[in-house]
Structure formats: structure tokens, C-alpha cells
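Chain and residue survey
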Amino acid sequence: MREYLLTLCVTVAVTYLLTGPVRKFAIASGAMPEIRARDVHREPTPRLGGIAMFGGLCAGLLVADHLENLNGVFELSNEPRALLSGAALIWIVGVLDDKFEIDALIKLGAQMIAAGVMVMQGLTILFIPIPGVGTVSLTQWQGNLLTVALVVITINAVNFVDGLDGLAAGMVGIAAAAFFMYAYRIWYGYGIEAAAPATLFAAILLGMCVGFLPHNMHPARIFMGDSGSMLIGLVLAASAISITGQVDPDALALFAGGERNATHAMLPVFIPLLLPLTIIAIPMTDLILAIVRRTWKGQSPFAADRGHLHHRLLEIGHSHSRAVLIMYFWSALISFGTVAYSVHSTSMWIVLGIVALSAVGLLLLLLPRFTPRAPRWAERLVPPRYRHAERAAEAAARAATGEEPVRTPVAAGVSGVNGATAVGPRSRFPDRRKAGSAS
């Protein structure tokens, strides 16, 4: 565990320290597109944060390769090299897209090629253990197709949810933390060495997200861009693939006291595709809803819009920060709830706890519909939005003049880029309704 923590800390430090110089490079190179109609930020913000995240990935793998207990992962398995090869390819494509806006179909092809590169080097699903049936061996083509599909779906699910400051990095970081606990328990708790690569990948992915988050929280000073979202999506998929079909569930019976006990103790291992899908359940739901919504309207599934889950939270009345925290809450509930259920699948308390927390989450979702109003004697003690008189006066003034709510203008002399050290002229399109296109 100490070596995993050291790898995690190095990844965090390298990613955090690289993000500042990368931000200045992105501004100087012009990787700072105009605000589009579907964007929620108000000022041009540099992209290319994926460069720093890729540096953290390389640093984490390099440190792990020189640690005594983790060095065996590189000697006994080719999966770290497969991950680095696929990550480098998808990262290059993402950097080009952040700068030159590559077509969606070209990116999809690049994602499939990156998955194919990992498959060629041995990072693939070999068999699927199914409860009541046993271990179902896959042919080479079946395993390859399933691996490519899982990689592409995970990458696009993470890319779809990357719409608010800190949202994608935080949700994937939560998923990586849950996956690390799951994989570490299989590797260390049950002595199954095949889970060691997945444990390492999850620790590095967590470090990449934690190191980038301080620069990406609202108001974000830099975006990860497609170079970052596709990268962390691929690493998350590689972690799932590394442990899916690689860990023989029959070996768990030797440590859990029989097949029946092993089934209850490590239920997600018997449904190997379930855990990765539950960890990215919210991005996956957003992806499916987006495809259905756009297809129903006669649009391309790759056409961008403002109908994502985080956009709907803003429309309901949540603030930017509260919307992100709500998405964090649901991601943590699903991810850690699945891991907890895999440890004690027969415990009713875990199920009741998940149900209770789900009720709390639903209450948080509907909170703007039930905004409390303070009594008149306490109005001076609460924020203005809870005061009857001030809200009524503002509404009456807007109705009388027919004007929209006035937004506080940016002070003169402040750069048009988020952050105190930004350079460059202010956007020619300060109103996002006039900038960009709906796509």
C-alpha cells in the first residue's frame, strides 16, 4: 500500500505542477476556442489540460516500474506497455482535436485504433464468468470486439459528461478510488496477482484526476479538453478490462470457503462487466439519453446540444457548484455502493443505506423547487435570494422595464481569460448566444 500511495502522490504532484505551464502554452498557441451556445462558461478558457494529465500518467508508470513490489507488474505482464501505447495514441488525437477541431467520426476511428493497439499487446478480455453457468471462454474475435466496444463506450461516456468545471475529473476520480479499493482487495486480500495491473492503473488514474482538479474547479482556469477526457476514459476502461476476464473466479473459492461463499463475497467478479458499467453509470446514462434525444430529433448522435444531465440541473435552478456536487454524490453512491455490496452482498444494512442515501440524493435534486423563504424578521440574516421583499422588487422591476436580469460586467482591464495570469485579448463575442454554433 505504501508503494501505491507513493505512486499516487507522484502522479498528483506531476499533474498539478505541469498544469500551470501547460495552461500558458495553450494560451500562447491559441488553443482557446470561442464560447459556443451550449457552453456554460462565460469567458474563453484554454484547453489542452490533457497534456499535464498524460505527463502524470507517464510519471506514475515510471515510478511504479522502479519500486520493488510494483516492478513485478511490468515484468510479468505487458499490460502497462499496452496501456501506455493506447493512451499515447488517443492523447495525440485529443491534442489535435483541442487545437484544430477534428471531425467526430475521425475521433471515433482513433478510439477504435487505440483500443486495437491495446488488444494487440495483450490487454483484452479472455473469458466471462457468469453465475450459474461458469466461466465462458471467448474466441479471439469475440474478446477483441468486446474489448474495443468497452473502450469506445467508456471514452465517449466520460467525454459526454465533461460539461461543467471539475465534473469529469471529479467523477472519474471517484470511480477510480472505488475501483482501486475493489481491485486492491482482490489482489492483496485474496492473493490473486492478476489483479495487480488493474490496481496500479486505478491508483494512477486517481492521481491524474486529483492533480488536475485544483486548476479545473469552478471557475476553471483550464479545461482538460478531449486530450484529457478521452485519456482518462481510456485508462478507466483499461483498468476494467485488465481485471475483467483475467481473474479466474474459481480461485476465489479457495479463499472464500467454497463456490457459494465466493459468489456472495465477490459478486461483481461473477458479473465482470457490471462493475465497470455501474462505476460510469451516470456518464453512461447521459450518453444513452443524448443518443436517443438527438436521434428522435433527426440529428446526428454526435451533434452537441444543451440537453445533458448537468445542463438540466442548471435549468432546474442549481448553481454551477451545486450541480457538480450533486453529480459527485450520485457517482460516489453508485461506485462505492457497488463495492460495498460486493464485500457484503448478504447484508441488508448496505441495501438500506444505499436506499436512504438515494432518497437524500433525490431531495437534493428537487431542492430548487422547494426554496425556503425566511420570515420578514429574519430577512436581514439570510442571503437575498431567500428574502420576500427583495425578490418581489426585482421581479416587479424586470416586468416593468421588460428587461432580462442584469449580469455583473467584467471589470475593465481584466483579461478575457479565466485566471489572474491570463494573457490575450477579450473575446469578440462576450454573449454566448451570438457566439459559435448550436453544435
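Keep in mind it's a predicted model, so treat the numbers as computed, not measured. (Residues numbered from 1 in each chain as written. Predicted model: local features only at pLDDT ≥ 70, side-chain atom pairs only at ≥ 80, totals over all residues. Heavy atoms only, no water.)

Section: a nonpolar patch on the surface
What counts, and what does not: Nonpolar side chains (Val, Leu, Ile, Met, Phe, Trp, Tyr) within 5 Å and like charges within 9 Å form the patches, drawn only from residues with over 30% relative accessible area and no salt bridge. The Shrake-Rupley method, run with a 1.4 Å probe, gives the accessible areas here. Residue values count only the displayed protein chains as cover. Any Lys or Arg side-chain nitrogen found within 4 Å of a carboxyl oxygen on Asp or Glu counts as a salt bridge. A run of H or I in DSSP counts as a helix once it spans at least four residues, and a run of E counts as a strand once it spans at least two, with each numbered from the N terminus. For every residue, the accessible area (1.4 Å probe, protein chains only) is compared with the maximum for its type, and the residue is labelled buried under 20%, exposed over 50%, or partly exposed between those bounds.
On the surface, a cluster of nonpolar side chains totalling about 640 Å² of accessible area is made up of Tyr341, Met348, Trp349, Val351, Leu352 and Val355. Per-element tally for the nonpolar patch: the top contributor is helix H17 (residues 348-365), with five residues. Mapped onto the elements, Tyr341 comes out in helix H16 (residues 320-343). Residue Tyr341 is classed as partly exposed on the basis of its relative accessible area of 32%.

Brief notes about unusual backbone geometry
Residue Leu48 is not a glycine yet carries a positive backbone phi of 70 degrees. Tracing the chain through its elements places Leu48 in the loop between helix H1 (2-29) and helix H2 (50-65). A positive phi is found at Glu101, a non-glycine position, where the angle reads about 60 degrees.

Focus on the packing of aromatic side chains
We apply this condition: Centres within 6.5 Å are what make two rings of Phe, Tyr or Trp a pair, Trp counting through its six-membered ring; a difference in plane orientation under 30 degrees is then read as stacked, over 60 as edge-to-face, and the rest as tilted.
Overall, the coordinates contain six aromatic pairs when judged by the stated rule. Ring centres of Tyr4 and Phe180 lie 5.6 Å apart, and the angle between their planes is 80 degrees; this geometry places the pair in the edge-to-face category. A residue pair is termed long-range when its members are at least 10 positions apart, and Tyr4 in helix H1 and Phe180 in helix H7 (residues 167-190) qualify at 176 residues. Connected via pairs of aromatic rings, a cluster forms that spans Tyr4, Phe180 and Tyr184.

Points about the packing of helix H4 (residues 79-100) against helix H5 (residues 104-120)
Basically, it comes down to this: Inter-axis angles, ranging from 0 to 180 degrees, are taken between N-to-C directions of lines fitted to C-alpha atoms, where helices are fitted over the stretch in contact. The labels follow the angle: roughly parallel below 35 degrees, roughly antiparallel above 145, roughly perpendicular from 65 to 115, and oblique for the rest. The sense of a crossing depends on the near helix, which, turned anticlockwise from the far helix by less than a right angle, makes the crossing left-handed and, turned clockwise, makes it right-handed. Whether two residues are in contact is decided by their heavy atoms, any of which lying within 4.5 Å being enough. Charged means Asp, Glu, Lys or Arg here, nonpolar means Ala, Val, Leu, Ile, Met, Phe, Trp, Tyr, Cys or Pro, and polar covers whatever is left, Gly included.
Two numbers describe how H4 lies on H5: the axes approach to 7 Å, and their chain directions differ by 165 degrees. The angle between the axes of H4 and H5 places the two elements in the roughly antiparallel class. Every pair of crossing elements has a handedness; the one defined by H4 and H5 is right-handed. Residues Ala82, Leu83, Ser85, Gly86, Leu89, Ile90, Val93 and Asp97 of H4 pack against Lys107, Ala110, Gln111, Ile113, Ala114, Val117 and Met118 of H5. Residues belonging to the contact of H4 with H5 are distributed by class as follows: ten nonpolar, three polar and two charged.

What is shown is where atoms sit, not what they do.
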